[in-house]
Amino acid sequence: MKNGQKSNLLGEWLVREGVITREQLEEVLNRQDFKKQKMLLGKRLVQLGYCTEDDVSRVIAKRAGIPFVSLENYSIDAAAVSTVPPDAIKRYKALPVGFDQDKLVVAIQHPNNIVALDDLRILTGYEIKPVVVPDSELEVAIEKYTRAGMDFDLESEGEPQLEDEAMEADDLLDRPAVQLANMILSQAVSAKASDIHIEPFEKQLRVRFRIDGVLHDVMQPPKKLHPSLVSRIKVMANMDIAERRVPQDGRMSLKIDGKAVDVRVASLPGSFGERLTLRLLDRSGSIMTLEKLGLVPAVLKKFRARLSNPYGFILVTGPTGSGKSTTLYASLASINTVEKNVITVEDPVEYRIEGINQVQINPKAGLTFATGLRSILRNDPDIIMVGEIRDRETATIAVEAALTGHLVLATLHTNEAAGAISRLLEMGIEPYLIASSLVCVLAQRLARVLCPSCKVEHYMSREELKNIEGFPLEENESGVKIYRPGSCMRCSNTGYRGRIGVFELLDVSEKIQRLTLEKRSAAEIKEAAVGEGMITLRQDGLMKVRQGITSLEEILRVVM
């Protein structure tokens, strides 16, 4: 049947079902742009707004006598996906999405393609149950789930040893666990996950990704695949697969779709087998700029001014995973010039920056933050970055370096900016040294950004907002339009895509110096800073809610 006949047939179906009118069909068929581009009729009707993708797919499904499914609310089974090679999925535009008793459920663009269905039946050994889904959803899902077999390269460090009873490496490559391992890693990179958790339980195997700081259950492969999946990943990470009783650490370097990724693997014996935690670090990612961190213009201007100081101590604070290292890298990148000698001491070196000398600590060899910092001072630095202030010795050297003509940037684990001064005092640093060296403290958190494709408008009245301490309201406002998370394929049904920083910048003024010398509490220092115009973490977060960047629930989650 010719394309024109197929288009006319679909058009007739849509008219009979009352989805479009006869006039709309004739108008599209007679349009010159439609004839020249040889565009699918359904796609053109959707573009013109005469119907939706769901309308077209439902009619096709009804006429073919097969079910209609929306992948927006469908949990795709990774084990089903792994039954068909990625190239075949793309060739037939058919994605296995699950099992229905002994049948393989396949979302397919052309459900009447008998050749494709027969090939899939022979290829998988399952009877095929086709379902119709909207084209855009199928395209997104195919792109997401076929990454596993595309441009996946393992940069191995030496040859791992297999246990006696295990298969040879060549045989291992033929097992479904290999494709599942590749799929897990590829999906994690695609979803920009920072961690992968592979967790065995009594009757199930669970795989979770940490995306934007929150864990999400992404798949539950068959429990029987657990031993071979763990062995496969341990082989890739150059770990001992014969040892299952003690924790192990390993690492591997991958190249997935052109992205260079370092993976640190940690195993932990459990009641139902070994669990694995994989930490992903994208080496191909570019250093974020200060402008993209999320600092409001006034705070960004002030922070840039402090970074331009020839000497002094600048602290970035926050809990683990709050983006402190990213802020430090962005800061260094903004002040790194050929006239400056910039040296860092880190654990580990997460990103390589051209023109900066980066040192990774090695406690086993005696290279700690303190010893590394002492050595750096003998190498004529202008700017020093210390990955983390962990003890009194490191803090003392950092403060002394700031007082002797160096600009020192470092991180510290405190919940708010004012708490950094109290923490340094608790470490035993003299108040006069802190007051003389400390330039500013930047406290931060990371909040998830609402997905622009599916965020939902929500109106809150003035009375409701009054119960939220610090919400920015104008005098005459009766209420405010904010946004809540929705759900779509583009954000993996989480409602969020990416993260943004929430900040408070404590500028060390004469008053703050005086309070430091008097060993005043963090609460008193914070009160004085707010009196001098400091925007608190909560205020900054609520401003981002008002701007529609993030949700109220997210800010209340990350800022106490």
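Fair warning: this is a prediction, and the values are worked out from it, not measured in the lab.

What follows covers unusual backbone geometry. With a phi close to 50°, Lys 93 is a non-glycine residue in the positive phi region. For Lys 93, the position within the fold is in the loop between helix H7 (86-92) and strand S1 (94-100). Looking at Lys 93, the relative accessible area reads 41%, which means it is partly exposed. With a phi angle near 55°, Asp 380 is a residue other than glycine that sits in the positive phi range. By secondary structure assignment, the location of Asp 380 is in the loop between helix H15 (369-377) and strand S14 (383-386). Residue classification places Asp 380 among the exposed residues on the basis of a relative accessible area of 63%.

We now examine the packing of helix H17 (residues 418-426) against helix H21 (residues 522-531). Where H17 meets H21, the closest approach of the two axes is 8 Å, and the angle between their N-to-C directions is 145°. Here H17 runs over H21; the crossing is right-handed. Side by side, H17 and H21 meet where Ala 418, Gly 419, Ile 421 and Ser 422 of the first sit next to Ala 522, Ile 525 and Lys 526 of the second.

The next point concerns the confidence of the model for the protein. Per-residue confidence for the protein gives a mean pLDDT of 85; residues scoring 70 or more make up 91%. Low confidence marks residues 1-7, where pLDDT is under 50. Its contacts with residues over four positions away, or in another chain, come to four contacts. Across residues 156-174, confidence stays below pLDDT 50; counting only partners more than four residues off in sequence or on other chains, it has 21 contacts.

Among the seven residues in strand S6 (residues 205-211), five count as buried, and that is most of the element. Bridge count for strand S5 (residues 193-200) against S6 is seven bridges, and the pairing is antiparallel. In the sheet register, Asp 195 faces S6, and the bridge partner there is Arg 210. Count of turn residues in the S5/S6 antiparallel hairpin: four residues. Inspection of the sheet shows S6 paired to strand S7 (residues 214-219) by five bridges, in the antiparallel sense. Among the inter-strand pairings, Phe 209 is bridged to a residue of S7, identified as His 216. Between S6 and S7, which pair antiparallel one after the other, the connecting turn spans two residues, and Asp 212 there sits at a positive phi close to 55°.

Calculation criteria
Residues numbered from 1 in each chain as written. Predicted model: local features only at pLDDT ≥ 70, side-chain atom pairs only at ≥ 80, totals over all residues. Heavy atoms only, no water. Helix = DSSP H or I, 4+ residues; strand = E, 2+ residues; numbered from the N terminus. Buried < 20%, exposed > 50% of the residue type's maximum accessible area, 1.4 Å probe, protein only. Axes fitted to C-alpha atoms, helices over the stretch in contact; angles between N-to-C directions. Left-handed = near helix turned anticlockwise from the far one by under 90°. Contact = heavy atoms within 4.5 Å. pLDDT = per-residue confidence, 0-100. Pairing = 2+ DSSP bridges.

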